[in-house]
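Residues per chain are reported as follows:
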Amino acid sequence: MEALSIDRVGKTFTMHLQGGARLPVVRDVSLAVSPGECVVLGGPSGAGKSSLLKIAYGNYRCDDGHVWVQDGGERVDVARAEPRRVLRLRRTTLGYVSQFLRVIPRVSALDLVAQAAVEQGASSDEATGRAAALLERLNVPRRLWSLPPATFSGGEQQRVNIARGFVAEHPVLLLDEPTASLDARNRAAVVELIHDKKRRGVAILGIFHDEDVRDRVADRVVDVTRFSAAA
Ligand SMILES: Nc1ncnc2c1ncn2[C@@H]1O[C@H](COP(=O)(O)OP(=O)(O)OP(=O)(O)O)[C@@H](O)[C@H]1O
């Protein structure tokens, strides 16, 4: 059974500040991701890869189609579900790792990561243990763990963000260029984390511009240009 299924999705942006100009991006997108599989969205800049991920997460509305996510014994259509249902789905089932960390003032890196596990029901001790293990694997120096990440470097923030996204145990994970500003060593650490998730049966849909990373994690690459709605 598919964990995530995008079914005939279409999206046109309407630019209200530009006299309602319409920008068709994708149409008739259908693709599915099974448990333990990593599907990568490919295609040139502007093809609509990020937009599709945001539609799958429920951040963007789509005009047509459905986004089915298997949630235990139930299938939820992210495109049509009530906002409250989408929020619940995000807590238990649907994870998303963006390129940038949203820092919370005064919350330390360790707590920020652990919080994501606590939200899924882990005890505080267990969450802190898992958060520490991930920060370690992602080579975030121990001296930074007790500090709020606002002043961290771009790559350090990104690694805290990845730890936060991976500490939770979501059966479906959306990854928007998680390795964009990382060096080779940390890219390799992220590849390992993705392999771990796949072994645990997590379904992953992601964007990876780095070809080497893409080749190492992707079971399939879906070129989004084939769904282009432009002209
Ligand atoms: N919120 C928005 N409002 C209006 N247009 C948008 C919005 N988000 C994206 N677009 C437009 O939709 C098109 C697809 O953008 P998207 O970011 O999905 O592409 P992408 O394939 O992820 O590109 P990249 O590889 O450069 O990140 C672009 O032309 C972009 O300008």
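Whatever comes next refers back to the structure up there.
All residue numbers here refer to positions counted from 1 along the written sequence of the relevant chain. Only residues with pLDDT of at least 70 get local features here, since the model is predicted, and only at 80 or more are side-chain atom pairs given and counted; chain-wide, interface and lining totals rely on the full set of residues.

Some remarks on the overall build of the chain
Point 1. Secondary structure elements follow DSSP: runs of H or I of four or more residues count as helices, runs of E of two or more count as strands, with numbering from the N terminus. Within the chain one finds seven helices and nine strands.
Point 2. What you see for the chain is a C-alpha radius of gyration of 18 Å, in line with the 17 Å of a compact globule of 231 residues.
Point 3. By its C-alpha atoms, the chain is 55 × 35 × 35 Å across when sized along the principal axes.
Point 4. To assign burial, the other C-beta atoms lying within 10 Å of each residue's own C-beta are counted, with C-beta atoms placed from the backbone; 20 or more indicates buried, 12 or fewer indicates exposed, and intermediate counts indicate partly exposed. Taken over 231 residues, the chain has a buried fraction of 40%.
Point 5. When contacts within the chain are restricted to residue pairs at least 6 apart in sequence, those whose partners lie at least 24 apart make up 70%. Each radius of gyration reported is based on C-alpha atoms, and the globular scaling rule is 2.2 Å times the count of residues to the power 0.38. Contact between two residues is assigned whenever their backbone-derived C-beta positions fall within 7 Å.

Observations concerning the site of the ligand
Point 1. Put plainly, near means the residue's C-beta atom, positioned from the backbone, lies within 6 Å of the molecule or strand in question. Around the ligand sit Phe13, Leu23, Val25, Ser45, Gly46, Ala47, Gly48, Lys49, Ser50 and Ser51, and those are all the residues in its vicinity.
Point 2. The element contributing the most residues to the shell around the ligand is helix H1 (residues 49-57), with three residues.
Point 3. The residue classification treats Ala, Val, Leu, Ile, Met, Phe, Trp, Tyr, Cys and Pro as nonpolar and Asp, Glu, Lys and Arg as charged. All others, Gly included, are polar. Here the residues of the shell around the ligand sort into four nonpolar, five polar and one charged.

Regarding helix H5 (residues 154-167)
Point 1. What a helix should span is 1.5 Å times the count of its residues minus one. Relative to the 20 Å expected for 14 residues at 1.5 Å per residue, H5 spans 20 Å between its end C-alpha atoms, a close match to the ideal helical length.
Point 2. With twelve of 14 residues buried, H5 is to be regarded as a mostly interior element.
Point 3. All of the buried residues along H5 are Glu156, Gln157, Gln158, Arg159, Val160, Asn161, Ile162, Ala163, Arg164, Gly165, Phe166 and Val167.
Point 4. The inward-facing, buried residues of H5 abut strand S6 (94-97), helix H3 (109-118), helix H4 (124-137) and helix H6 (184-199).

Topic: the sheet that holds strand S5 (residues 74-77)
Point 1. Here, any two strands with at least 2 DSSP bridges between them count as paired. With antiparallel pairing, the four strands of this open sheet are ordered in space as S2-S1-S4-S5. A single partner strand is all that each edge strand has here, and the edge strands are strand S2 (21-33) and S5. Between one strand axis and the next, the sheet turns through 30° on average, direction left out of account.
Point 2. Here strand S1 (residues 4-15) runs beside S2; their pairing, made up of nine bridges, is antiparallel. Looking at S2, one finds that Val9 is bridged to Val29.
Point 3. Inter-axis angles, ranging from 0 to 180 degrees, are taken between N-to-C directions of lines fitted to C-alpha atoms, where helices are fitted over the stretch in contact. This element, H1, spans S1, S2 and strand S4 (64-71) of the sheet and lies at about 115° to S1.

Distances and angles like these do not, on their own, reveal function.
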